[in-house]
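Fold and contact review
Residues per chain, in single letters:
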Amino acid sequence: MNIVFLFSDEHTGTVMGNSGHPVVQTPHLDRLSENSYTFDNAYCNYPICTPSRLSMLTGQYPHQIDAWDLGAILDRQYKTWGDYLAKKGYETVLCGRTHFNGKDRFLGFSDRLLDDLPRWRHTSGRPPRRTVDARRGSNSHVTECGPGDHEHTRYDREVTDLAVDFLHRKATFPSDKPFLLYCGYMHPHFPLIAPSEFYSWYDPDTLELPDTWNEPLESQHPVIQHHRWAWRNDIPPPEDTVRCALASYYALVSSLDAQIGRILDAIDTSPLRGNTVVIYTSDHGEMAGSHGIWQKQCFYESAVKVPLMVRLPSGEIGRVAQNVSLIDVLPTLLDIVGLEKPTELPGESLIEIAGNQQHKTTRTVFSEYHHMGMLNAGYMLKRGDYKLCHYVGNQPQLFNVDIDPLENSDLALNPDYAEIRGTLEDALYEIVDPESEDARAKENQQMRR
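A short tour of the structure in this document, coming up. Quantities reported herein were computed from a predicted structural model and do not represent experimental measurements. Here, residues in each chain are numbered from 1, in the same order as that chain's written sequence. For this predicted model, a pLDDT threshold of at least 70 governs which residues receive local features, and a threshold of 80 or more governs which side-chain atom pairs are given and counted, while totals over whole chains, interfaces and linings are taken from all residues. Excluding hydrogens and water, the side-chain figures rest on all heavy atoms present in the structure.

A few words now on the packing of aromatic side chains. Only centres within 6.5 Å qualify two rings of Phe, Tyr or Trp (six-membered ring in Trp) as a pair; their planes then separate them into stacked at under 30 degrees, edge-to-face at over 60, and tilted for everything else. Applying the stated criterion across every chain yields a total of 15 aromatic pairs. Note on Phe5 and Phe7: the rings are 5.2 Å apart at their centroids and 45 degrees apart in plane angle, and the pair reads as tilted. Here the term buried applies to any residue with accessible area under 20% of the maximum for its type, exposed to any over 50%, and partly exposed to those in between, with areas from a 1.4 Å probe on protein chains only. Note on Phe5: relative accessible area 0%, which makes it buried. Between Phe5 and Tyr182 the ring centres are 5.6 Å apart and the planes differ by 35 degrees, which places this aromatic pair in the tilted class. Here the residue Phe5 occupies a position in strand β1 (residues 2-8), and Tyr182 occupies one in strand β6 (residues 179-184), the gap between them amounting to 177 residues. Helix and strand assignments come from DSSP, with helices taken as H or I runs of at least 4 residues and strands as E runs of at least 2, each series counted from the N terminus.

Shown next, in the form of structure tokens:
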């Protein structure tokens, strides 16, 4: 069984036609969803690029592999997809965006068609500054927006060109050796410079802005206040800039969708359709103005919720409501290729989860954050519809995202929810000791500094 894994950067799980978004056009992802298991409650395990990716590739939580921040370099004692699938004779091929740090550009994979853009290849393992004065230089992640050409767009086209050529060769000259092809895209990651073709699909003047796009800083949780200040989101840009940025983000999603359509066409018009699994997801979301925040780096739904679809040649389909996360991808691959899951992996096969719907109210997902914008560690635990955000040294947040999907009503201090909060806190401590892992992260970052 071949596997094609499609991986975008910063695509929040609700910004697609198939997720019910009223404006965003994603015809190819919609087509993929119609023929897949589509997971409506999928989450990243760290809302920033490198730790999220390394966690997914190893199937372990970031704190388990010391993937504390954007500067993390994976210790090769931790096995990746490439290491595992090599045992089954797979050709494991990287093509495009991986955001690996360090000199090892393969991390257990057998080949690479295209590396990251040069400015994304970091070798030093430099840690972030987490002092009270640490701050992003500008808010260009919002203000640099609008139609135009950008190297990310050209890069994504090259990823697709190389991947399609690879798939054509595999279809034309079939081999007994199966393959895993990982296609990594830059879109819809900022800067929000979108191809004119797709920007024209969205009129900034008619877009509905998030209700909280200009939410007053002083009304928010103290951790969120500092987060906004550190990432230059404390003062909302003018409304016309926000509208342009939102239109650009939607256009970048549609541009990404077009590249995914090319990959799907290469598979579906060839013999590969009958023996190739297709998986699509993203490393984290994008706040896109909700709660006055752009980028990610927090635990609101728009930052941690990701799209996730698994298309099987057998034709099994369905919408899956259970909570899942990116650490479930590796157990899924092991399930597909017929390898037993090691006991140290906390995730489960998505295929098994899809066939076991009673997990809805009990399955737990976990995320964490040890980077700039939070002076102390933050952790998220979601079980059923309730989400706990635990902040070391500060009060938590608690939301019911079913009845409050925009997370405007913090229940953490409401005595009626004390029992639920206590249950979630107990579950969190079964996964992680928040204080000791916070100390380990800071010690590691200080050592690297």
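Packed helices, taken two at a time, are described by their axes: the angle between them and the distance between them. Orientation is described by lines fitted to C-alpha atoms, with helices fitted over the stretch in contact, and by angles between N-to-C directions that extend from 0 to 180 degrees. In contact at an axis separation of 7 Å, helix α1 (residues 27-34) and helix α8 (residues 239-268) are set at 50 degrees when each is read in the N-to-C sense. Judged by the angle between their axes, α1 and α8 are oblique. Only Asp257, Ala258, Ile260, Gly261, Leu264, Asp265 and Asp268 of α8 make contact with α1, whose side of the interface consists of Pro27, His28, Leu29, Arg31 and Leu32. Looking at the contact of α1 with α8 residue by residue, the classes come out as 6 nonpolar, 2 polar and 4 charged. Oblique is the label for any angle not covered by the other classes, which are roughly parallel (under 35 degrees), roughly antiparallel (over 145) and roughly perpendicular (65 to 115). In this description, contact between two residues means that some pair of their heavy atoms is separated by no more than 4.5 Å. Residues are grouped as follows: nonpolar covers Ala, Val, Leu, Ile, Met, Phe, Trp, Tyr, Cys and Pro; charged covers Asp, Glu, Lys and Arg; every other residue, Gly included, is treated as polar.

Glancing now at the pairing of strand β15 (residues 397-400). Residues in a regular strand project their side chains so that they alternate between the two faces of the sheet. On β15, burial covers both faces: Gln397 and Phe399 on one face and Leu398 and Asn400 on the other are all buried. By the bridge criterion, 4 bridges tie strand β14 (residues 386-391) to β15 in an arrangement that is antiparallel. When the sheet's bridge partners are listed, Tyr386 is paired in β15 with Asn400. Two successive antiparallel strands, β14 and β15, enclose a turn made up of 5 residues, where Gly393 displays a positive phi of approximately 80 degrees. Paired strands, as defined in this entry, are two strands with at least two bridges between them according to DSSP.

Okay, unusual backbone geometry next. A cis amide bond links His187 with the next residue in sequence, Pro188, at an omega value of 5 degrees. With respect to the secondary-structure elements, Pro188 resides in the loop between β6 and β7 (192-194). Even without being glycine, Gln295 reaches a positive phi, approximately 75 degrees. In this structure, Gln295 sits in the loop between β8 (276-282) and α9 (301-304). Residue classification places Gln295 among the buried residues on the basis of a relative accessible area of 3%. Its identity as a non-glycine residue notwithstanding, Glu407 has a phi of 55 degrees, on the positive side. Relative to the assigned elements, Glu407 resides in the loop between β15 and α12 (418-431).

Read these as layout, nothing more, since geometry by itself doesn't imply function.
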